[in-house]
Amino acid sequence: MKITVLGTGYLGATHAASMAEMGFEVLGVDVDPAKVEALSRGELPFHEPGLGELLRKHVDTGRLRFTTSYEEAGAFGDVHFVGVGTPQRPGSFAADMRYVDAAVGSIAAAATRDCVIAGKSTVPVGSARRLADLAKASARDGVDVSLVWNPEFLREGYAVEDTLTPDRMVLGAEEPAAEAVMRRVYARQLEAGVPLIVTDFETAELVKVAANAFLATKISFINALSELTEAVGGDIRTLADAIGLDERIGRKFLNAGVGFGGGCLPKDIRALRARAAELGVEQSVRFLAEVDDINVRRRGHTVDTVTAMLGGSVVGKQVAVLGAAFKPDSDDVRDSPALDIAARLHSIGAEVAVYDPKANANAAKRYPRLDYVDSLAAAVTGAEVVVLLTEWAEFKTMTPEQLDPLVAVPQILDGRNVLDPETWTAAGWDYHALGRRALAGVDSDPVGARKALIGSDTAR
């Protein structure tokens, strides 16, 4: 069988290169000629560990090619994976389905022989059944086009691993012949024992958004509790360790900090709320509104904390922001808490120097007025407070001795709870972490001081 992948963004490029690694001939399709030209040269337009090497390997072998032509793809492929984006619709929480609709309709119309369209994009529940009808209606006479739904579960930073050796696979398939084709495509994974769940379209569509909604809820839960531990002088990391030992809960995604971001979790929980409202069951996911609100509040709370550490005003103060990507091992700054916090600090008068090992260029496109520097040393030189917002290995392993000669004031806010407080405190640093220490000067009345800060101008 020959494979096409429609859309060569993060999902599509990863899937195309991984399918080539599995031995298939693969044709990637995108409407952006510049992106196609770059990929054809083996140049990856974003950072993902291991993917650039995989791309270049299979471009060189000829197993992986790219095109802008749906006609070429329709004549080439037996299975067409759809990996185009479903961004948040302007002025709404709902997903914008224009690109998925266009991809499915175009490839169905271009197909010259029987084929399967496998949807991987994250879509509102009910979309696959409509798209299956669209594919049938768009197909040429005598050509049978079947649709299955095969959601992706990629983690940025681990995308190649998650594609080649996933922890589970889900397939929404209502035609036995189409299911059989997909079992052939994924024979390698199935033979290795990867669990496969075959279900209806609607359940397959919901699996991805349900997983993301659960993870978002878990993150916001521990962040909500961190507000309590911070107010009373508790330690959120110890609390997370203690409840995480309960096997019903688990420790993953219980790391308190500045909250979640990226192109999936925020968008997906909002789209799920919008779809539930369209279906008349908005009460069932009403809690997700608070999950979203808690997450966004973390950003304002972080700004408040920095302001308190600087004596109540950031105006004219030098702030080193470590991190711009929403997570380490990625250059993705979509809905990034780190970048948003940096921008908020700048907007209220701070002199902000931002350093991220991979995301500076993308961050500069979003917020060009910030000062981006190319090293940790450059970021912290002259800083009156260091703010760690993305847990890159470079930041997790930095030491007080490394920063001491450079900073103007030895104080740090650990926004990801990844540093050892005893090490930094013993070195003479004023160490703060979200959920682990009361704000500067509030030890005698932590709850009262927190209330005062919530009412401050920076909180609003």
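Everything discussed here concerns the structure shown above.
Everything quoted here is computed from the prediction, not taken from an experiment.

Some thoughts on the sheet that holds strand β12 (residues 385–388)
The pairing of strands in a sheet happens through backbone hydrogen bonds and is either parallel or antiparallel.
So, step 1. One open sheet holds the six strands; their spatial order is β11-β10-β9-β12-β13-β14, and the pairing between them is parallel. Two strands bound the open sheet, and with one partner strand each, they are β11 (371–372) and β14 (430–433).
So, step 2. The pairing of strand β9 (residues 318–322) with β12 spans four bridges and is parallel. Each residue of the ladder has a partner; that of Val 321, found in β12, is Val 387.
So, step 3. Sitting on the sheet, helix α13 (residues 287–309) is in contact with β12, β13 (411–414) and β14, with an inclination near 165 degrees to β13.

Here's the deal with the pattern of salt bridges
So, step 1. Taken as a whole, this structure holds 30 salt bridges when the rule is applied.
So, step 2. Here Glu 152 ties to Lys 208 by a salt bridge, and the two come within 2.6 Å at their closest N and O atoms. With Glu 152 in the loop between β6 (145–149) and α7 (159–164) and Lys 208 in helix α10 (residues 201–232), the pair connects residues that are 56 residues apart, well separated along the chain. In this pair, the class of Glu 152 matches that of Lys 208, namely buried.
So, step 3. Between Arg 168 and Asp 167 there is a salt bridge, and its shortest N-O distance comes to 3.0 Å.
So, step 4. Residue Arg 168 is classed as partly exposed on the basis of its relative accessible area, which comes to 26%.
So, step 5. We classify Asp 167 as exposed; its relative accessible area is 56%.
So, step 6. Where salt bridges share partners, they join Arg 270, Asp 292, Arg 299, Asp 335, Asp 340 and Arg 344 into one cluster.

Structural notes on α13
So, step 1. Spanning 23 residues, α13 covers 33 Å between terminal C-alpha atoms, matching the ideal 33 Å at 1.5 Å per step.
So, step 2. Of all 23 residues in α13, 17 are buried, a share of seventy percent or more.
So, step 3. Positive backbone phi, approximately 85 degrees, marks Gly 311, located one or two places after α13.

Some points on the environment of Pro 337
So, step 1. As for its position among the elements, Pro 337 is in helix α14 (residues 337–347).
So, step 2. Judged by relative accessible area, Pro 337 falls into the buried class, the value being 0%.
So, step 3. Distance in space between the C-alpha atoms of Pro 337 and Arg 129 is 36 Å, their sequence separation being 208 residues.
So, step 4. Sequence-distant contacts of Pro 337, that is, excluding residues within four places in its chain, are made with Val 258, Gly 259, Phe 260, Gly 261, Arg 299, Phe 326 and Arg 416.

A closer look at the packing of aromatic side chains
So, step 1. As enumerated under the stated definition, the model contains four aromatic pairs in all.
So, step 2. With 5.4 Å between their ring centres and 50 degrees between their planes, Tyr 10 and Phe 46 make a pair best called tilted. With Tyr 10 in helix α1 (residues 10–21) and Phe 46 in the loop between α2 (33–40) and α3 (51–61), the pair connects residues that are 36 residues apart, well separated along the chain. Residues Tyr 10 and Phe 46 agree in their burial class; the two are buried.
So, step 3. The ring of Tyr 158 has Arg 155 sitting right over it, with the charged end atom 4.5 Å from the ring centre.
So, step 4. The lysine or arginine in question, Arg 168, covers the ring of Phe 153, its NZ or CZ lying 3.7 Å from the ring centre.

Structural notes on the environment of Thr 217
So, step 1. Inspection of the secondary structure assignment puts Thr 217 in helix α10.
So, step 2. The sequence separation of Thr 217 and Met 182 amounts to 35 residues, and the corresponding C-alpha distance is 32 Å.
So, step 3. Among residues more than four places away in sequence, those in contact with Thr 217 are Phe 287, Leu 288 and Val 291.

Overview of the nonpolar core
So, step 1. Ile 3, Met 19, Val 26, Leu 64, Phe 81 and Met 182 are the most contacted members of the largest nonpolar core, which totals 39 residues.
So, step 2. The element contributing the most residues to this core is α1, with seven residues.
So, step 3. Not counting the four nearest positions on each side in its chain, Val 26 is found in contact with Ile 3, Val 5, Ala 16, Met 19, Ala 20, Arg 63, Leu 64, Arg 65 and Phe 76.
So, step 4. Counting 32 residues, the second-largest nonpolar core is a separate cluster that includes Ala 108, Cys 115, Ala 135 and Ala 139.

Let's talk about unusual backbone geometry
So, step 1. Unusually for a residue other than glycine, Phe 253 sits at a positive phi of about 65 degrees.
So, step 2. With respect to the helices, strands and loops of the structure, Phe 253 is situated in the loop between α11 (236–244) and α12 (265–278).
So, step 3. Exposure remark for Phe 253: the relative accessible area of 36% places this residue in the partly exposed category.
So, step 4. Unusually for a residue other than glycine, Asn 417 sits at a positive phi of about 55 degrees.
So, step 5. Along the chain, Asn 417 falls in the loop between β13 and α19 (421–426).

Some words on the pairing of β9
So, step 1. With four of five residues buried, β9 is to be regarded as a mostly interior element.
So, step 2. Where β9 lies against strand β10 (residues 351–355), five bridges are found, and the strand directions are parallel. Counted as the bridge partner of Val 321 is Val 354 from β10.
So, step 3. Once the chain exits β9 it traverses α14 before rejoining the sheet at β10, and the crossover so formed is right-handed.

Reading the values: the criteria
Residues numbered from 1 in each chain as written. Predicted model: local features only at pLDDT ≥ 70, side-chain atom pairs only at ≥ 80, totals over all residues. Heavy atoms only, no water. Pairing = 2+ DSSP bridges. Helix = DSSP H or I, 4+ residues; strand = E, 2+ residues; numbered from the N terminus. Contact = heavy atoms within 4.5 Å. Axes fitted to C-alpha atoms, helices over the stretch in contact; angles between N-to-C directions. Salt bridge = Lys/Arg side-chain N within 4 Å of Asp/Glu carboxyl O. Buried < 20%, exposed > 50% of the residue type's maximum accessible area, 1.4 Å probe, protein only. Expected span 1.5 Å × (residues − 1). Phe/Tyr/Trp six-rings, centres within 6.5 Å; stacked < 30°, edge-to-face > 60°. Lys NZ or Arg CZ within 6 Å of the ring centre and 35° of its normal. Core = buried A, V, L, I, M, F, W, Y, C linked by side-chain atoms within 4.5 Å. Right-handed = clockwise from strand over helix to strand, strands pointing away.

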